[in-house]
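# Structural overview for review
Next come the chains, spelled out residue by residue.
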Amino acid sequence: PASLTRKHLIHEPGFVRRLLLNLVTIGAMVFLFWKVDATREAALEVYQELVFQMMHGAHMLAWWSLIGLLSSACCVVQILLGLLSFGCAGLNTVLGPWRPTFLALSIILQAFIWSVVYQQPWQWRSAGLSSALSCFLAFMPEMVDL
């Protein structure tokens, strides 16, 4: 079947369309959620707690890069398994179709991160490192395919 041979790379037909569709859908959901007063108030309370927790652990960079890792997990995990002589785990078959969604989430989360740290220049370095790591992990499948 075609789904077994697909690599789910950004240059494959339909990938950019699915990525943009995910970006628009997720972005619209966040926007609409934010526009309803009741959900916005609840979201602000959750947001303030999350910002506190994220800033508390921001020096580790691991959480902000998690979505980038998930968007490339089909590649990174298989590389690690190959290095350990376990062979291919077939993760691309399972996670590959979700890659446009994970990339869209990664882009939205990175935009959110920069909106938070924009007013705090002392955090630009860690946010930049987080964005670079996220980008590297998100596009690892393309790098491996070269």
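Owing to the predicted nature of the structure, the values given are computational and were not obtained by experimental measurement.

Thresholds, definitions, all that
- Residues numbered from 1 in each chain as written.
- Predicted model: local features only at pLDDT ≥ 70, side-chain atom pairs only at ≥ 80, totals over all residues.
- Heavy atoms only, no water.
- Helix = DSSP H or I, 4+ residues; strand = E, 2+ residues; numbered from the N terminus.
- Buried < 20%, exposed > 50% of the residue type's maximum accessible area, 1.4 Å probe, protein only.
- Contact = heavy atoms within 4.5 Å.
- Areas by Shrake-Rupley, 256 points an atom, 1.4 Å probe, with all protein chains shown as cover.
- Core = buried A, V, L, I, M, F, W, Y, C linked by side-chain atoms within 4.5 Å.
- pLDDT = per-residue confidence, 0-100.
- Patch = residues over 30% accessible without salt bridge, like charges linked within 9 Å, V, L, I, M, F, W, Y side chains within 5 Å.
- Salt bridge = Lys/Arg side-chain N within 4 Å of Asp/Glu carboxyl O.
- Axes fitted to C-alpha atoms, helices over the stretch in contact; angles between N-to-C directions.
- Parallel < 35°, antiparallel > 145°, perpendicular 65-115°, else oblique.
- Left-handed = near helix turned anticlockwise from the far one by under 90°.
- Nonpolar A, V, L, I, M, F, W, Y, C, P; charged D, E, K, R; others polar.

### What to know about the overall build of the chain
- When helices and strands are counted, the chain shows 8 helices and 0 strands.
- Counting the 146 residues in the chain, one finds 32% classified as buried.
- In the chain, once contacts between residues fewer than 6 apart in sequence are set aside, the share between residues at least 24 apart is 67%.
- Accessible area for the chain stands at about 9500 Å²; split by element, carbon and sulfur atoms hold 75% of it.

### Focus on the nonpolar core
- Among the nonpolar cores identified, the biggest contains 6 residues, and these are Phe 15, Leu 19, Ile 26, Leu 103, Ala 104 and Ala 138.
- Mapped onto this core, the elements with two or more residues apiece are helix H2 (15-35) and helix H6 (99-117).
- Here this core gets 3 residues from one element, more than from any other, and that element is H2.

### Describing the side chain of Thr 101
- Residue placement: Thr 101 occurs in helix H6.
- Not counting residues within four places of it along the chain, the set of residues in contact with Thr 101 comprises Asn 22 and Ile 26.

### Let's talk about unusual backbone geometry
- Backbone geometry places His 8, a non-glycine residue, at a positive phi of 60°.
- Structurally, His 8 is set in the loop between helix H1 (2-5) and H2.

### Thoughts on the confidence of the model for the chain
- Confidence in the prediction for the chain averages 78 pLDDT; 71% of positions are at 70 or higher.
- Per-residue pLDDT, averaged within each element of the chain, yields its smallest value for H1 (53) and its largest for H2 (91).

### Quick word on a nonpolar patch on the surface
- On the surface, a nonpolar cluster with roughly 350 Å² of combined accessible area is contributed by Trp 114, Tyr 118 and Trp 124.
- Structurally, Trp 114 is set in helix H6.
- Owing to a relative accessible area of 31%, Trp 114 belongs among the partly exposed residues under this scheme.

### Topic: the packing of H2 against H6
- Between H2 and H6, the shortest axis-to-axis distance is 8 Å and the interhelical angle comes to 50°. Compared by their axis directions, H2 and H6 come out oblique. Crossing of H2 over H6 shows right-handed handedness. In contact with Phe 15, Arg 18, Leu 19, Asn 22, Leu 23, Ile 26 and Gly 27 of H2, H6 contributes Arg 99, Pro 100, Thr 101, Leu 103, Ala 104, Leu 105, Ile 107 and Ile 108.
- Split by residue class, the contact of H2 with H6 holds 10 nonpolar, 3 polar and 2 charged.

### Structural notes on the environment of Ile 108
- By the element assignment, Ile 108 lies in helix H6.
- Residue classification places Ile 108 among the partly exposed residues on the basis of a relative accessible area of 24%.
- Counting along the chain gives 82 residues from Ile 108 to Ile 26, while the straight-line C-alpha distance between them is 8.3 Å.
- Those residues in contact with Ile 108 that sit more than four places away from it in its chain are Leu 23, Ile 26 and Gly 27.

### Focus: the pattern of salt bridges
- Scanning the entire structure with this criterion turns up 2 salt bridges.
- The partner of Arg 40 in a salt bridge is Asp 37, with the nearest N and O atoms 2.5 Å apart. You can see Arg 40 and its partner Asp 37 sitting in helix H3 (residues 37-57), 3 residues apart, about one turn around the helix.
- Ionic pairing is found between Glu 142 and Arg 99, a salt bridge with its closest N-O pair at 2.7 Å. Of this pair, Glu 142 sits in helix H8 (residues 140-145) while Arg 99 sits in helix H6, and the two are 43 residues apart along the sequence. The exposure classification of Glu 142 matches that of Arg 99, with both residues buried.

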